[in-house]
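Spelled out from the first residue to the last, the chains are:
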Amino acid sequence: PSVSVQDGLIEASLPSGESVTVYLYGATVTSWKTNGQEKLFVSKKAHMDGSKPIRGGIPLVFPVFGPPPQNHATSSLPQHGFARNSNWEFLGKSSSEASKGDFAVKLDFGLSHTMLSEEFRKGWPYEFGLVYSVTLSKDALKTSLQVTNEGKENFEFQVLMHTYLSVENVSNIRIKNLESKTYVDKTRNASTHTESSPALAITEETDRVYRDLDPAQPIIVSSASDDQPLFSVTREALTDIVVWNPWIEKAKGMSDFGPDEAYKNMICVEAGSVSTWQTLEAGDSWEGVQSIKSRL
Ligand code: BG6
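Residues numbered from 1 in each chain as written. Predicted model: local features only at pLDDT ≥ 70, side-chain atom pairs only at ≥ 80, totals over all residues.

K.L.:
Provide a residue-level description of the sheet that holds strand β13 (residues 173–176), including the pertinent values.
P.N.:
Reading across from one edge, β7-β8-β9-β10-β22-β19-β18-β13-β16 is the order of the nine strands in this open sheet, with antiparallel pairing throughout. Since the sheet does not close on itself, it has two edges, and those belong to β7 (89–99) and β16 (199–200), each with one partner. Here four bridges tie β13 to strand β18 (residues 219–223), and the two strands are oriented antiparallel to one another. Each residue of the ladder has a partner; that of K176, found in β18, is I220. (Pairing = 2+ DSSP bridges. Helix = DSSP H or I, 4+ residues; strand = E, 2+ residues; numbered from the N terminus.)

K.L.:
Give me the sheet that holds strand β2 (residues 9–13): which residues, what numbers.
P.N.:
The antiparallel open sheet is built from five strands, whose spatial order is β1-β2-β3-β4-β5. The sheet is open, and its two edges are formed by β1 (2–6) and β5 (37–38), each paired on a single side. Note that strand β3 (residues 19–23) and strand β4 (residues 28–34) share five bridges and pair antiparallel. From the neighbouring strand, T21 faces β4, where its bridge partner is S31.

K.L.:
Give me unusual backbone geometry: which residues, what numbers.
P.N.:
In this chain, F62 is followed by P63 through a cis amide linkage whose omega measures 0°. Structurally, P63 is set in the loop between β6 (60–61) and β7. Omega for the bond connecting G258 with P259 falls within 30 degrees of zero, at -10°, which places this linkage in the cis form. Within the secondary structure, P259 is located in the loop between α2 (247–253) and β21 (266–280). A positive phi is found at D227, a non-glycine position, where the angle reads about 65°. With respect to the helices and strands, D227 occurs in the loop between β18 and β19 (229–236). For D227, a count of 11 C-beta atoms within 10 Å translates into the label exposed. (Buried ≥ 20, exposed ≤ 12 C-beta atoms within 10 Å, placed from the backbone.)

K.L.:
Describe the pairing of β1, and please don't skip the residues or the numbers.
P.N.:
For β1, a buried count of zero out of five residues is recorded, marking the element as mostly open to its surroundings. Sheet analysis places β1 next to β2, joined by five bridges and oriented antiparallel. Following the sheet pairing, S4 is matched in β2 by E11.

K.L.:
Describe in detail the site of the ligand, supporting the description with residues and values.
P.N.:
Surrounding the ligand, one finds G66, Q79, H80, H162, K186, D207, V242, W244 and E270. The residue makeup of the shell around the ligand, split by class, is two nonpolar, four polar and three charged. (Near = placed C-beta within 6 Å. Nonpolar A, V, L, I, M, F, W, Y, C, P; charged D, E, K, R; others polar.)

K.L.:
Can you lay out the UniProt feature "binding site: substrate" (unreviewed entry) in the protein chain for me, pointing to particular residues and giving the numbers?
P.N.:
Per the UniProt record, the feature "binding site: substrate" (unreviewed entry) sits at R55, Q79 and R84. Of the residues just listed, which span 30 residues, no C-alpha pair is farther apart than 13.7 Å, and they cluster in one region. Structurally, Q79 is set in the loop between β6 and β7. Setting aside chain neighbours within four positions, we find Q79 in contact with G66 and P67. Mapped onto the secondary structure, R84 falls in the loop between β6 and β7. (UniProt positions renumbered as here; feature names shortened; annotations may be inferred. Contact = placed C-beta atoms within 7 Å.)

K.L.:
Outline the nonpolar core, supporting the account with residue identities and numerical values.
P.N.:
By size, the foremost hydrophobic cluster in this structure holds 75 residues, and its most contacted members are L60, L165, V221, I267 and V269. The element that contributes the greatest number of residues to this core is β21, accounting for seven residues. Aside from chain neighbours lying at most four places away, what touches V269 is T163, L165, I175, I219, V221, V233, I241 and V243. (Core = buried A, V, L, I, M, F, W, Y, C linked by C-beta atoms within 7 Å.)

K.L.:
Tell me about the pairing of β21, and name the residues and values.
P.N.:
With six bridges joining them, strand β11 (residues 155–161) and β21 adopt antiparallel strand pairing. Considered in β21, the bridge of F155 is made with L280. In terms of strand pairing, strand β12 (residues 164–166) meets β21 through three bridges, oriented antiparallel. Residue L165 lies in a different strand from β21, and its bridge partner there is I267. Sheet analysis places strand β20 (residues 240–245) next to β21, joined by five bridges and oriented antiparallel. Bridged to W244 within β21 is C268.

K.L.:
Describe the UniProt feature "active site" (unreviewed entry) in the protein chain, listing the residues and the values that go with them.
P.N.:
With numbering aligned to this structure, UniProt lists the feature "active site" (unreviewed entry) at H162 and E270. A maximum C-alpha distance of 4.7 Å is found for the annotated residues, which run over 109 residues; spatially they form one tight group. Note on H162: 22 C-beta atoms within 10 Å, which makes it buried. Ignoring anything within four residues of it in the chain, the contact list for H162 reads I58, P59, V61, C268 and E270.

Here it is as structure tokens:
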């Protein structure tokens with residue numbers, strides 16, 4: 001495997017051709033290619049200069065999902081917290097060979113309390129350590145986040161891997177394995193529903209938080225025309241899945257989303273722990289993992 005580190009960008013590729021790109025800003029994965037094809041969506045108007053979280057790829061949400069609640073330790077943080085808009089450090093790479101010629105490369109990134117801007121340090125004054133590992137193998141992209149409480153008091157957090165999958169046409173996909181799961185619909189005053197569809201079609205603005213899923217059961221994004229799987233997403237310790245597509249009006253309203261019609265070319269399937277808070281006691285660690293397969 002080859003790894004290059006340049007100007008805040010880490011790029012890794014395997015002899016078999018797969019590649020991944022990660023920005024130190026947010027430790028945001030911005031590209032994952034297999035078979036010469038880009039699998040992640042990045043908006044053409046995304047800010048890549050660290051002035052705003054990157055609109056696309058896999059932004060990391062930590063320690064709060066969505067707008068922070070009032071009277072909570074995260075209340076003064078921005079929407080989705082600070083991980084996606086802080087500068088991480090590159091901790092190094094390691095490679096392995098599962099069988100002859102079948103390589104994997106792991107890139108590790110770190111973020112801790114002292115690395116935060118003063119604003120974020122004040123907004124969330126806990127001693128924490130994050131290690132984010134991005135592992136590229138022939139058939140998967142694995143992202144895993146380890147959270148450690150390095151302080152003397154407990155803290156609460158939420159976490160989400162806000163993955164923008166690239167699709168040819170969002171109207172031609174179906175999302176499977178959500179049937180009978182409970183979800184909160186953020187487009188309908190956060191009302192609670194039960195999913196009735198075995199193969200969810202996206203036909204309008206969609207912003208749902210599905211909860212209490214079995215992380216080992218893959219969420220499948222498949223092609224509606226031939227039912228072939230396009231992506232599968234398995235998780236460890238991440239029991240929620242957010243499904244998001246801004247659709248026409250919201251896409252137009254986001255200054256960093258473009259072109260306007262690009263909402264057709266993406267679907268966010270986001271693995272996380274967001275419907276409750278994880279409490280981490282002093283000295284403890286927690287780890288959540290997402291693994292996406294594409295060449296199925
Ligand atoms: C999703 C949320 O995860 O992220 C949506 O469920 C939100 O409500 C979307 O609109 C994008 O958020 P942001 O902060 O990147 O514009």
